[in-house]
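Tertiary structure, described
Here is what each chain is made of, one letter per residue.
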Amino acid sequence: MASFAPDEVRVLRKVASEVVGLLSEGFDHEDPVVERLFPDIYPEDPHNSAEFRRYTEGDLKTSKIDQAGAILAVLPSDGGGEVRLDWDTAEAWLRALNDARLAMGVRLEIKAETDLGEELDEAVLHDPASSRVFQLSVYAYLGYLQESLLNALID
């Protein structure tokens, strides 16, 4: 069980809804986020990669939408509150949180070598009220939530 404050619920609803939107009406193969969420399986072989995508993309996209929907389905409808997840729903949350972090990482240009603390400190120094500060904070929060959920499943 986890307790979420109203602001946390709003952020999670917004993030999950944006993932659903990106994968439905906003789906564009030219979008770097879509490329990150649906990478070419055979980068050196565009023909076979396209063929593989043709057979798997629809199911994968549906699965990702359903996983983001799992977050939306169990969050309190008004304000904050408690959330209980069974094993399958917790796994769906983990996958959806991962997709959201991948998408945000692309938009925020976060690389494997990026020090998130330094990046956030720099953004705060530049403009503490910027959308980048908020987005980096959400990215960090999603990572914390993902790690906490994973640890709860392991225990």
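Report follows, based on the coordinates. (Residues numbered from 1 in each chain as written. Predicted model: local features only at pLDDT ≥ 70, side-chain atom pairs only at ≥ 80, totals over all residues. Heavy atoms only, no water.)

Notes on the packing of helix H1 (residues 6-23) against helix H6 (residues 131-154)
As a reminder of what qualifies: Comment: axis = line fitted to C-alpha atoms, over the contacting stretch for helices; angle = value between 0 and 180 degrees taken between N-to-C directions. Runs of H or I in DSSP of at least four residues are treated as helices and runs of E of at least two as strands, each being numbered from the N terminus. Note on angle classes: values under 35 degrees are labelled roughly parallel, values over 145 roughly antiparallel, values of 65 to 115 roughly perpendicular, and the remainder oblique. Working rule for contacts: check all heavy atoms of both residues, and any pair within 4.5 Å makes them a contact. Under the convention adopted here, Pro, Cys and the residues Ala, Val, Leu, Ile, Met, Phe, Trp and Tyr are nonpolar, Asp, Glu, Lys and Arg are charged, and Gly plus all remaining residues are polar.
Contact pair H1 / H6: the axes reach a minimum separation of 12 Å and the direction vectors enclose 95°. Here H6 runs roughly perpendicular to H1, going by the angle between their axes. Counting all contacts with H1, which are made through Glu8, Val11, Leu12 and Val15, the residues of H6 involved are Phe134, Val138, Tyr141, Leu142 and Leu145. In terms of residue class, the contact of H1 with H6 is made up of eight nonpolar, no polar and one charged.

Overview of the side chain of Ser130
What counts here: Pairing of N or O atoms within 3.5 Å defines a polar contact, subject to two protein rules: one partner must be a possible hydrogen donor and the other a possible acceptor, and residues neighboring in sequence count only if both atoms are side-chain atoms.
Its location among the elements puts Ser130 in the loop between helix H5 (116-126) and H6. Within the structure, the side chain of Ser130 is placed 3.2 Å from the backbone nitrogen of Val133, a separation counted as a polar contact.

What about empty space enclosed by the protein?
By rolling a water-sized probe across the atoms, one finds the places where empty space is left. Inclusion rule: Computed over the protein atoms alone on a 1 Å grid, cavities are sets of points where a 1.4 Å probe fits but cannot get out and pockets are open sets with protein on both sides within 12 Å along at least five of seven lines; a residue lines them when it has an atom within 4 Å of a point. Grid points are joined across faces, edges and corners, and a volume is the space filled by probe spheres set on the points.
Within this structure, the stated rule accounts for one cavity of 30 Å³ or more. Estimates place the volume of the largest cavity at around 50 Å³. Leu12, Val15, Ala16, Val19, Ala68, Ile71, Ala96, Leu97, Ala100 and Leu142 together form the lining of the largest cavity. Listed by contribution, the elements that provide at least two residues to the lining of the largest cavity are H1, helix H3 (46-74) and helix H4 (87-108).

Remarks on H4
Heads up, the condition is: One fewer than the residue count of a helix, multiplied by 1.5 Å, yields its expected span.
When the terminal C-alpha atoms of H4 are compared, their 31 Å separation across 22 residues agrees well with the 32 Å that a helix rising 1.5 Å per residue should span. For H4, the side-chain oxygen to backbone nitrogen distance between the N-cap and Asp88 is 3.2 Å, and the N-cap itself is Asp86. The first or second residue beyond H4 is Glu109, which carries a positive phi of 60°.

As for the packing of aromatic side chains
We apply this condition: In summary, the pairing rule links any two rings of Phe, Tyr or Trp, Trp by its six-membered ring, whose centres are within 6.5 Å, and it sorts them by plane angle into stacked for under 30 degrees, edge-to-face for over 60 and tilted for everything else. In this scheme, a residue with accessible area under 20% of its type's maximum is buried, one over 50% is exposed, and one in between is partly exposed, where area comes from a 1.4 Å probe on protein chains only. Counting as a charge over the ring demands two things of the Lys NZ or Arg CZ atom: a distance within 6 Å of the ring centre and an angle within 35 degrees of the ring normal.
For the coordinates displayed, the defined rule picks out three aromatic pairs. Aromatic side chains Phe27 and Phe38 sit 5.4 Å apart centroid to centroid with 85° between the ring planes, which places their arrangement in the edge-to-face category. Of this pair, Phe27 sits in the loop between H1 and helix H2 (32-37) while Phe38 sits in the loop between H2 and H3, placing them eleven residues apart in sequence. Judged on exposure class, the residue Phe27 and its partner Phe38 are both buried. With a centroid separation of 6.3 Å and 80° between ring planes, the pair formed by Tyr42 and Phe52 is classed as edge-to-face. Residue Tyr42 is found in the loop between H2 and H3, and its partner Phe52 is found in helix H3; the two are separated by ten residues along the sequence. The partly exposed category is assigned to Tyr42, whose relative accessible area is 40%. Directly above the aromatic system of Phe27 lies the positively charged group of Lys61, at a separation of 4.0 Å from the ring centroid. Above the plane of the ring of Tyr139 lies Arg101, whose end atom (NZ or CZ) is 4.2 Å from the centre.

What is shown is where atoms sit, not what they do.
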